Amino acid sequence: MNFFLCLIAVGGVVAVLVLLRLWLVLRPRKEGLQTVSVSVLVVAGSGGHTTEILRLLGSLSKHYNPRHYVFADTDKMSAVKIRSFEEKRAERDSESLYTTHHIPRSREVQQSWSSSVFTTLYAMCYSLPLTFRLKPDLVLCNGPGTCIPICASALLLGILGIKKVIIVYVESICRVETLSLSGKILYHFSDYFFVQWPTLKGKYPKSVYLGRIV
């Protein structure tokens with residue numbers, strides 16, 4: 001008897017959560033003027049990832065503001081590159097805003113896939129509160145392992161009905177024949193997935209090929 005009562009109670013809780021989720025998603029929202037600026041959460045990474053993502057940001061208009069950079073806590077070089085990029089940008093645009101944030105590295109180079117599951121979950125403990133606090137309009141990334149917990153956190157914002165975050169993934173120019181591990185994962189979850197080689201477009205039809213963009 002107690003078992004059935006517990007089962008009914010659990011079913012009731014699940015039903016309430018489902019109804020709450022539907023209400024959050026379907027509730028009417030106040031219509032108003034659309035904001036001109038787009039808050040961007042940019043995932044930087046070691047190697048050439050940060051250089052490529054900064055080249056891409058350099059071609060975007062001033063309306064992509066503020067820019068919130070996230071990179072691994074052991075990645076010192078990205079911090080230097082970002083600061084240099086933003087200082088030069090501030091000379092042209094006095095209203096330019098940016099912040100930098102660190103999270104634990106989710107996957108080291110040549111780290112095994114099995115062990116990277118645990119380090120990624122650990123990184124999620126830091127990326128979740130960060131993403132929920134910033135509530136960006138858009139996440140922009142190009143392959144570093146750090147983008148996995150960040151994008152997962154952004155997806156969770158939408159699942160919970162808090163905010164729909166657009167995820168834009170640009171595969172590195174170095175990837176000619178195959179996607180990176182991050183790309184293989186986010187190909188299925190990103191809103192826009194860009195590749196820079198026609199061979200990848202042929203293998204991954206959902207992707208968008210515009211030639212070299214960084």
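This is a predicted model, so every value here is computed, not measured. (Residues numbered from 1 in each chain as written. Predicted model: local features only at pLDDT ≥ 70, side-chain atom pairs only at ≥ 80, totals over all residues. Heavy atoms only, no water.)

Peer 1: I would appreciate a short explanation of the sheet that holds strand 4 (residues 138-141) in the present structure.
Peer 2: Adjacent strands of a sheet pair through backbone hydrogen bonds, lying either parallel or antiparallel. Spatially, 7 strands are ordered 3-2-1-4-5-6-7 in an open sheet, and the strand pairing comes out parallel. Of all the strands in the sheet, just strand 3 (98-103) and strand 7 (208-209) have a single pairing partner and so form its edges. As paired strands, strand 1 (residues 40-43) and strand 2 (residues 67-72) are joined by 4 bridges and run parallel to one another. Bridging across to strand 2, Val 43 finds its partner in Val 70. Lying over the sheet, helix 2 (residues 49-58) contacts strand 1, strand 2, strand 4 and strand 5 (166-170), oriented at roughly 130 degrees with respect to strand 4. (Pairing = 2+ DSSP bridges. Helix = DSSP H or I, 4+ residues; strand = E, 2+ residues; numbered from the N terminus. Contact = heavy atoms within 4.5 Å. Axes fitted to C-alpha atoms, helices over the stretch in contact; angles between N-to-C directions.)

Peer 1: Just checking my understanding: could you explain the side chain of Thr 50 for this structure?
Peer 2: For Thr 50, the location among the structural elements is in helix 2. In terms of polar contacts, Thr 50 uses its side chain to reach the side chain of Ser 78, at 2.6 Å. (Polar contact = N/O pair within 3.5 Å; in protein donor to acceptor, adjacent residues only side chain to side chain.)

Peer 1: Looking at this model, I keep getting lost on the packing of aromatic side chains. Mind explaining?
Peer 2: For any two aromatic rings, the description comes down to two numbers: the centre-to-centre distance and the angle of the planes. All told, the structure shown has 5 aromatic pairs when counted by the stated rule. Each ring, one from Tyr 69 and one from Tyr 98, has its centre 6.2 Å from the other, and the planes form 75 degrees; the classification is edge-to-face. Separated by 29 residues along the polypeptide, Tyr 69 in strand 2 and Tyr 98 in strand 3 bring together distant segments of the chain. Residue class for Tyr 69 comes out buried when judged on its relative accessible area of 0%. (Phe/Tyr/Trp six-rings, centres within 6.5 Å; stacked < 30°, edge-to-face > 60°. Buried < 20%, exposed > 50% of the residue type's maximum accessible area, 1.4 Å probe, protein only.)

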